[in-house]
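Residue-level structure breakdown
Residue strings, one per chain:
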Amino acid sequence: MKISFNVNGKSTSVDVAPDTPLLWVLRDTLGMTGTKFGCGKALCGACTVHLNGQAVRSCQTAIGSVSGQKVTTIEGLGGNHKVQKAWIALDVPQCGYCQPGQMMSASALLASNKNPSDEDIDAFMSGNICRCGTYPRIRAAIKQAAKMA
Amino acid sequence: MENMIKNETRRDFLKVSGSVAGGLALGFYMPGRHNVAVAAEATSSPNAWVKIGQDNTITIMVARSEMGQDVYTSMPILVAEELEVDLSKVKVEFAPPAEVYINALLGGQLTGGSTSVRDAWEKLRKAGASARMMLVTAAANEWNVDASQCKASNGMITGPGGKKVTYGHVAAKAAAVEVPKDVPLKPSSQFKVIGNAKQKRLDTEAKVKGQAQFGIDTRVPGMLYAAVAMAPMIGGKVASFDDSRAKAMPGVKAVVQYSRGVAVVADSYWQAKKAKDLLQIQWDGGPNAGNDSKSIWDGIRTASEQPGAVFREHGNVEAGMGQAAKKVEAAYQLPFLSHSPMEPMNTTADVRADKAIIITPTQFQQLIPHVVGGATGLKPEQVEVHTTFLGGGFGRRVEVDYAIDAAEISKAVGAPVKMVWSREDDMTHDSYRPASLMKLSAGLDASGKPVAIRFHSTSPSISARLFPSIVKDGIDPFAVEGIDNYPYDTPNMKLTYQMHDAGVTPGYWRGVSHNLNAVALECFIDELANAAGKDPIQYRIDMLDMGSTKHQWSGLSAGVPVGARMKRALEEVRAKSGWGKKLPEGHGMGVAVMEGYNTVIAMVAQVSVSADYDVTVEKVTAVVDAGTLIHPDQALAQMQGTINFGQSACMWGEITIKNGGVEQTNFDMYRVARMNEAPKVLDIHFIKSDSTPGGLGEPGTAVIQPAIGNAIFAASGKRCRTLPFSPENIKGSA
Ligand code: FES
Ligand code: FES
């Protein structure tokens, strides 16, 4: 089935079964591998993208439900997003695998909350697992990004 | 793997140079091994640490796997320090398997044991220095001046009268220069790159932009995707299967049986996975099908009645116990744990009649040509291995099982295949940190000091499965770490290990047996301090072993007691943590100290324990003596990461078995630390030192666990000896 949607500002159409998770459409059909697979069950946040500006787990988002909507992935964050600048400034990633998801969550948090408290960060970010234990730096980077214009 | 754990591999390498693409390539080879063949190879393959092209591109090869621990930057730092190049301008490439890249501390091209920097410390600085000296000689020859009149810096060589050339300009000529015999290295006072607090990671930008290529991101032309079904029972096999429904699904190209399961190969992963869910498989449960956690622990307990193999003994422990004023006994029970790196196991394999290409996130590239060759009928030299970035490793990727699987599947379908495991596949087909039962007893004299200590552990042996040649007389060196180097001065002691196969695949897991032995020991020492009525930090300081008797088994550790370093770390952590200050009701501090990988860590955890025995880690203070820090900010990152990893393990980590298989399938059942559970404050201090570097990728994982256990005792009065420190286990303890 042909499904059209917008990825990172570009209209795109794919021909896949409508129950295919957005995650696999991005990774396999469109070859955008920045969005990661970690659990497939909305438990780890590695696959986080923005759907119309909201953070969603793409492993639990059927492509059929994305028709006509706007998706932003790590590739679409632009490289110069304040979250990415802060992540680079603090050398946040270790293995790096969870980080696209972390940054997509963090950028969604900052879009809705300009100056998040520790509790806000905990509440918003606790859906994103990092096995390498970069949490202290993620927290610091979110605060640093919040200070950027 | 005969060299495994032998610490004293000769450091004098045979040096070979050859011209690569018209430039200079330099490798260091261990003596006595196919020197001629290797030298010939060096002219045609990039078997080198440094490559300098005529176009002035400087490439540093990283022969260890980047799994977060920073080898991608810390190893080039070592080369760049002596090569005199700007690190931001060098290219970094992952090395293919080759003898030149063998890790002398492990005897294989293998990333593990917190050894990458320790092994590279001299080797890579020498590589950089030798290349620099050869480039300078080539320039001096060209200018007809003496090399001593020339100077290398920032990728340029300058000579008398304002002469100046780039490295690239003289690279071809440098390749013909004799490799220097004496390679003096800079004293630490002249380091510019090593120890630079401002140095950034070289892989951050790619990782922040989503561009870093992990194994799972591999795409090759004509590639198909495989999803797999493996036996739910550990060691189970396919008895029969019906694939009629799976085969009828869209996109499915083939359903193939391979050694340990059935694979569905399709045009996309999701098509493969949906069809895989429709397979009807009858499993042959194999020898472990009847196992469950209860029978496994019964087996471990029964085995623990055996005397075990003595790995350290002095004095007379029975006599010592007989004279003691007080006796303390305890048994610690630690569960199986999963690695669960964030990137599930995967491999892309393209197996053809005369060649195989394996693209994989592996910690052990050297083994892959051999096992893939064995599985496909190819010769090892026909198997080409490419190592990608690893989305975490933690020891899981020392195993090569998933590379073999992908190769078998690719061979069966005759096409390049990317096999991707689900999280469920990954968690139920891991190799697990072995469970262990550790029985300890001590006899204290009238002052409370131990005069006798007895330690007896019973646990599956990882090395007996993976590297049987290193197991000697019933002792697996990787089962006695963290206790073989027992750091206290106790006149009578006997330490024994009983190997026991529990029917659960044991694997090397970040910190390996330090996470068993040092956890039990440091909790037990706390029990002794309590029994003696002494302060746990001062108690430890007063009984540190200040001697110099070598430990027989601690292949990756300092090898001798490090009493003075421990004393200093304990004193500093006491001062920095606010030890002894009044804390709110339900809060407590616990201490632990350990040497592992030649790194000494003293740690104080501060926790609060609720009325329901829910534990919150409020603060962790660590003092670390890891010798020279190559990349200080990333040394800090490793401490942050290991504390997090150990916290997850000791607070929630537990793999249980039912009907022969692993019960936990995903992160809802195998809980790991999340942002809101990470300690609010992590206060980590490194002791300034210019000694040889210690390892940092693992030891913190072990030390945090007893620190938390001891803090729980201080906060609640509950001595929890069964891990994890869950509310049930704490509540059930004395
Ligand atoms: S892969 Fe989607 S939340 Fe884990
Ligand atoms: S950086 Fe490795 S999982 Fe987060």
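Residues numbered from 1 in each chain as written. Chains lettered and ligands numbered in written order. Predicted model: local features only at pLDDT ≥ 70, side-chain atom pairs only at ≥ 80, totals over all residues. Heavy atoms only, no water.

**Some points on the overall build of chain B**
To be explicit about the condition: By the criteria applied, helices consist of DSSP H or I runs no shorter than four residues and strands consist of E runs no shorter than two, each listed in order from the N terminus. Categorising residues by exposure relies on relative accessible area from a 1.4 Å probe, with only protein chains included: less than 20% of the type maximum marks a residue as buried, more than 50% marks it as exposed, and the intermediate range marks it as partly exposed. By definition, residues are in contact when any of their heavy atoms lie within 4.5 Å.
Helices and strands together make up the secondary structure of chain B, namely 19 helices and 28 strands. Seen through its principal axes, chain B has C-alpha atoms that stretch 80 × 70 × 45 Å. Burial status across chain B gives 64% buried among its 734 residues. Counting contacts in chain B only where the partners sit at least 6 residues apart, residues at least 24 apart contribute 76% of the total.

**Side note on the sheet that holds strand β21 (residues 450-459) of chain B**
All names here are of chain B. Spelled out, the test is: Here, any two strands with at least 2 DSSP bridges between them count as paired. Angles run from 0 to 180 degrees between N-to-C directions of axes, and those axes are lines fitted to C-alpha atoms, restricted for helices to the stretch in contact.
Strand order in the open sheet formed by 5 strands is β14-β22-β21-β20-β15, with mixed pairing between adjacent strands. Lying at the two open borders of the sheet, with one neighbouring strand each, are β14 (309-314) and β15 (326-334). Neighbour-to-neighbour, the strand axes of the sheet open up by a mean angle of 10 degrees, direction not taken into account. As paired elements, β14 and strand β22 (residues 492-499) share 5 bridges and run antiparallel to each other. When the sheet's bridge partners are listed, E313 is paired in β22 with K494.

**Brief notes about the pairing of strand β4 (residues 58-62) of chain B**
Residues and elements named next belong to chain B. Extensive coverage of β4 is indicated by the burial of 5 of its 5 residues. Residue alternation in β4 divides its side chains into two sets, I58, I60 and V62 and T59 and M61, and both sets are buried. When strand β3 (residues 50-52) meets β4, the two strands line up antiparallel, connected through 3 bridges. Bridging across to β4, K51 finds its partner in T59.

**Regarding the domain arrangement of chain A**
Residues and elements named next belong to chain A. To keep it simple, the criterion reads: Each domain's limits were defined by an automated method or a database of domain assignments. Once two parts are joined, some of their accessible surface, as seen by a 1.4 Å probe, is lost; buried area is that loss totalled over both. Salt bridges are counted wherever a side-chain nitrogen of Lys or Arg sits within 4 Å of a carboxyl oxygen of Asp or Glu. Here a polar contact means two N or O atoms within 3.5 Å. Within protein one must be a hydrogen donor candidate and the other an acceptor candidate, and residues neighboring in sequence count only if both atoms are side-chain atoms.
Here the domain parsing of chain A yields domain 1 (2-76) and domain 2 (77-147). Computed from C-alpha atoms alone, the centre-to-centre distance between domain 1 and domain 2 is 20 Å. Taken residue by residue, the interface counts 18 residues in domain 1 and 14 residues in domain 2. When domain 1 packs against domain 2, the two sides together hide about 1200 Å² of surface, and 57% of this comes from carbon and sulfur. Connecting domain 1 to domain 2 are 0 salt bridges. Where domain 1 touches domain 2, the interface holds 9 residue pairs in polar contact (both at pLDDT 80 or more). Take the side of domain 1 that touches domain 2: its biggest share by element is 3 residues, from strand β3 (residues 48-51).

**Section: the environment of A266(B)**
Residue and element names in this part refer to chain B. Take A266: it is sitting in strand β12 (residues 261-266). Assessed through its relative accessible area of 0%, A266 is described here as buried. Taking C-alpha positions, A266 is 9.5 Å from M223, a pair spaced 43 residues apart along the chain.

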